[in-house]
Amino acid sequence: ERGRGVFHDLFGANPAGLWPSEGSISPAALEMASSTGFRWAATDEILLARALGKSVRRDPEGIPIEPDWFYRPYAAVTKSGSIPVFFRDHRLSDLIGFTYSNWRAEDAVANLVGHMENIAAVCPDRDNCLITIILDGENAWEYYPENGYHFLRQLYTRLAEHPQLRLTTMEQFLTEKSPEPAHAEKLVAGSWVYGTFSTW
């Protein structure tokens, strides 16, 4: 609640959703997020895989082999209602966070967009295929030339003009789509690191 208050003071509106610390979720945490007024939460793919008893298997190019259950949000049912939960593509997020800073901006953008084109090509339902990219906390841009200016400018220009990929936000996606329910008891407690709290 204090964090929402600080956000409102700075931006004049409440935040729509949240990435909890280290992407950590649990049924209890999602209940608190929902009852506090957040409209969505996000975490890592590993927690979705654990919840569904699956693994995110990828081909040699890093593209998930079974994208039908992966690239979409799920609605966690809590006592105060349901809250959509987004699960990030860990690999793409880490490429931006830890790899592309050492590449030429043109090459990094071409590589990332190429991965997204390949994902879109294998998604069985293109209209409901959401590629979620989230960087966790650390400031990746301080490692990029000019704080990521060239990479970000070229990336957004390329995506804005792309004939098949469409930029969106979680809020925009939810306005257009209805996430599949995933009862809270199926969700596991953990963070993006190994899907557990073992690091802490």
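Residues numbered from 1 in each chain as written. Predicted model: local features only at pLDDT ≥ 70, side-chain atom pairs only at ≥ 80, totals over all residues. Heavy atoms only, no water.

Colleague: Can you tell me about the pairing of strand S3 (residues 74–78), naming the residues and giving the values?
Modeller: A large share of S3 lies buried, amounting to four of its five residues. One ladder, built from five bridges, connects S3 with strand S4 (residues 81–88); its direction is antiparallel. When the bridges of S4 are listed, threonine 78 appears paired with glycine 81. In sequence, S3 turns back onto S4 through a hairpin of two residues. (Buried < 20%, exposed > 50% of the residue type's maximum accessible area, 1.4 Å probe, protein only. Helix = DSSP H or I, 4+ residues; strand = E, 2+ residues; numbered from the N terminus. Pairing = 2+ DSSP bridges.)

Colleague: So what's going on with the packing of helix H5 (residues 105–122) against helix H6 (residues 149–160)? Residues and values would help.
Modeller: Here H5 crosses H6 at 40 degrees, and the two axes come no closer than 9 Å. Accordingly, the angle class assigned to the pair H5 and H6 is oblique. For the pair H5 and H6, the crossing hand works out as right-handed. Residues Ala105, Glu106, Ala108, Val109, Ala110, Leu112, Val113, Met116 and Glu117 of H5 pack against His150, Phe151, Gln154, Leu155, Arg158 and Leu159 of H6. When grouped by side-chain class, the residues that make up the contact of H5 with H6 number 10 nonpolar, two polar and three charged. (Axes fitted to C-alpha atoms, helices over the stretch in contact; angles between N-to-C directions. Parallel < 35°, antiparallel > 145°, perpendicular 65-115°, else oblique. Left-handed = near helix turned anticlockwise from the far one by under 90°. Contact = heavy atoms within 4.5 Å. Nonpolar A, V, L, I, M, F, W, Y, C, P; charged D, E, K, R; others polar.)

Colleague: So what about the state of the cysteines? Which residues, and what values?
Modeller: Enumeration over the complete set of coordinates arrives at one disulfide. Cysteine 123 shares a disulfide with cysteine 129; S-S distance 2.1 Å. A relative accessible area of 8% means that cysteine 123 is categorised as buried. On the basis of relative accessibility, which here comes to 18%, the residue cysteine 129 falls in the buried class. (Disulfide = S-S within 2.5 Å.)

Colleague: Lay out the layout of surface pockets in plain terms, naming residues and giving numbers.
Modeller: The computed volume of the largest pocket comes to approximately 1,000 Å³. Lining the largest pocket are 32 residues, and of these Leu130, Ile131, Arg166, Leu167 and Thr168 lie nearest its centre. Elements supplying a minimum of two residues to the lining of the largest pocket: strand S2 (40–44), H5, H6 and helix H7 (170–176). For the lining of the largest pocket, the element with the highest residue contribution is H6, accounting for four residues. A breakdown of the residues in the lining of the largest pocket according to their chemical character gives 23 nonpolar, four polar and five charged. (1 Å grid on protein atoms, 1.4 Å probe; cavity = no way out; pocket = protein on both sides within 12 Å on 5 of 7 lines; lining within 4 Å. Points joined across faces, edges and corners; volume = space filled by probe spheres on them.)

Colleague: Describe the side chain of arginine 88, and please don't skip the residues or the numbers.
Modeller: Inspection of the secondary structure puts arginine 88 in strand S4. A distance of 2.7 Å separates polar atoms of two side chains, one belonging to arginine 88 and the other to aspartate 44. Those residues within four positions of arginine 88 in sequence are excluded, and the remaining contacts are Trp19, Thr43, Asp44, Glu45, Phe70, Ser93, Thr132, Ile134, Leu135, Asp136 and Trp192. (Polar contact = N/O pair within 3.5 Å; in protein donor to acceptor, adjacent residues only side chain to side chain.)

Just distances and angles here, no functional claims.
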